[in-house]
Each structure stands twice: as C-alpha cells, then as structure tokens.
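Spelled out, the chains give:
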Amino acid sequence: MTREGDLEILFDERTIEQRILELAAQISRDYAGKELLLVCILKGAAIFITDLARRITIPAMLEFVQVSSYGRRTVSSRTVTVTKDIGSDIGGKHVLLVDGIIDTGTTMDFLLNRYRGRGPASLKVAVLLDKQSRRTVDVPIAYRGFEIQDQFVVGYGMDYGEKYRNLPYIAALNPLSM
C-alpha cells in the first residue's frame, strides 16, 4: 500500500485490471448462450461496469439504475431512494446487478427484491468491493472483486461528496480529511 496525501492506495490500476479480467472470464463462461443484461448501479459502478463489460466475451445488454443511501454521508442511511429505474423489460432475461461496493447490503437487498418480481430468468450480483464486516442484510454475491475492511474508500467510481470518482485506483480516505 502506498500513500498519496490523505489517501492510502489499497488496489492499484494493475491489480484492479487483473481482477476484472478474471471476473469477466467467469461471467462469460457462466452466461454463455444466455441473454445477459448487465444493470449498472449508478454512480459508483459506472467505471467498473465499463471495464467489465468491455472484457465480457459474450453479447450483453446494458441498463442503468440510480439509487441513493449515502447522500453526502460516509455511512449508509439505510433508506434507499430510486432516482432512475431501468427502462427495459427484464422478464426472461439473465440479469446481473453490478455495483461498485456493497456495505450493509441494504441497497442491494432492496434492488434484488424490486427486480425479482419482474420475472427475470435469473438475478445475480457482481460487486467490485465487498465490505462484509458491515453487512446487516445477507446478500448473495455471485461475483466478488475484493473484500475490504471497514474503511471509507474512494476512486474507481466511488466518491466522497462527488469527488475522487475519477481516480484510477481504489484508496482509503483518511477520516481526518473528511
């Protein structure tokens, strides 16, 4: 781990890229011959899904949902608000919800329950960062990038007050700088 100011780099570009290649290969194998719909959970998963989708070797469709449970806070409020829902029919499709980070599990559980009733052929979860130690709701994760400790992370799509999303690595933000 290296430091850049108030940031402690946890995963550098090369490490993230390698893990995404592995996840994409597994997803491509698992969904071969199936109609795959990747659903990006905005905004945190935007960079992750872009890199993941480009490395999946089977045809896939993309959709976007935007939810909020953080606002400008560093911990989840546990109240989920949908600000943009997917626009296509997911009935009969193999849906893979793609998120940047799962913390308490509240948001993902909400989305799984929301979409389960719409008749997908399957409904699974891919996440770049799993903060298992904060989990309050059991969420089945089919594809996991990395497990992390209970620390606030930024970069590679994750933010603090909408800043740091553009960083090409994932870093822990020093709590004293928040």
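Look above for the structure.
Described below are features of the structure shown in this document. Since this is a predicted model, take the numbers as computed values, not measurements.

## Things to note about the overall build of the protein
Moving on, step 1. Scanning the protein for helices and strands turns up three helices and ten strands.
Moving on, step 2. Mapped from its N terminus to its C terminus, the protein presents α and β elements in the order β-β-α-β-α-β-β-β-α-β-β-β-β.
Moving on, step 3. By the compact-globule yardstick of 16 Å for 178 residues, the protein fits well, its C-alpha radius of gyration being 16 Å.
Moving on, step 4. Referenced to the eigenvectors of the C-alpha coordinate spread, the extents of the protein come out at roughly 50 × 35 × 25 Å.
Moving on, step 5. The contacts of the protein with a sequence gap of at least 6 include a subset with a gap of at least 24, amounting to 65%.
Moving on, step 6. Element-wise, carbon and sulfur atoms account for 48% of the exposed surface of the protein, whose accessible area totals about 8700 Å².
Moving on, step 7. Taken together, the 23 basic and 22 acidic charged side chains of the protein have centroids lying 3 Å from each other.

## Regarding unusual backbone geometry
Excluding glycine, residues mostly have negative phi values, and the peptide bonds linking residues are mostly trans.
Moving on, step 1. Here Leu-42 and Lys-43 are connected by a cis peptide whose omega angle stands at 0 degrees.
Moving on, step 2. Locating Lys-43 in the fold gives a position in the loop between β3 (36-42) and α2 (46-55).
Moving on, step 3. With a phi close to 70 degrees, Glu-162 is a non-glycine residue in the positive phi region.
Moving on, step 4. Within the secondary structure layout, Glu-162 lies in the loop between β9 (153-154) and β10 (170-173).

## Some words on the nonpolar core
Moving on, step 1. Leu-52, Leu-96, Leu-129 and Ile-170 are the most contacted members of the largest nonpolar core, which totals 31 residues.
Moving on, step 2. Elements supplying a minimum of two residues to this core: β2 (7-11), α1 (13-30), β3, α2, β6 (94-102), β7 (122-130), β8 (143-147) and β10.
Moving on, step 3. The greatest single-element share of this core, amounting to five residues, is contributed by α1.
Moving on, step 4. Apart from residues no more than four positions distant in its own chain, Ile-170 is found in contact with Glu-8, Ile-9, Leu-10, Phe-11, Ile-16, Leu-128, Leu-129, Val-153, Val-154, Gly-155, Tyr-156 and Met-158.
Moving on, step 5. Ranked by size, the runner-up nonpolar core spans 20 residues in total, among them Ile-41, Leu-97, Met-108 and Leu-123.

Reading the values: rules and limits
Just so you know, the residues in each chain are numbered from 1, in the order the chain's sequence is written. Totals for whole chains, interfaces and linings use every residue, but because this is a predicted model, local features are given only for residues with pLDDT of at least 70 and side-chain atom pairs only at 80 or more, for both listing and counting. Only hydrogens and water are set aside when side-chain values are computed; all heavy atoms of the structure are taken into account. Numbering of helices and strands runs from the N terminus; a helix is a DSSP stretch of H or I covering at least four residues, while a strand is a stretch of E covering at least two. The atom set for the radius of gyration is the C-alpha atoms, and the globule formula is 2.2 Å times the number of residues raised to the power 0.38. Contacts: residue pairs with any heavy atoms within 4.5 Å of one another. Each accessible area is a Shrake-Rupley estimate made with a 1.4 Å probe; only the visible protein chains count as cover when residues are assessed. In summary, the charge assignment counts Lys and Arg as positive and Asp and Glu as negative, without counting His or the chain termini. Taken as the charge location is NZ of Lys, CZ of Arg, CG of Asp or CD of Glu. Side-chain atoms within 4.5 Å are what join buried Ala, Val, Leu, Ile, Met, Phe, Trp, Tyr and Cys residues into a set we call a nonpolar core. When accessible area is computed with a 1.4 Å probe and restricted to protein chains, residues below 20% of their type maximum are described as buried, those above 50% as exposed, and intermediate ones as partly exposed.

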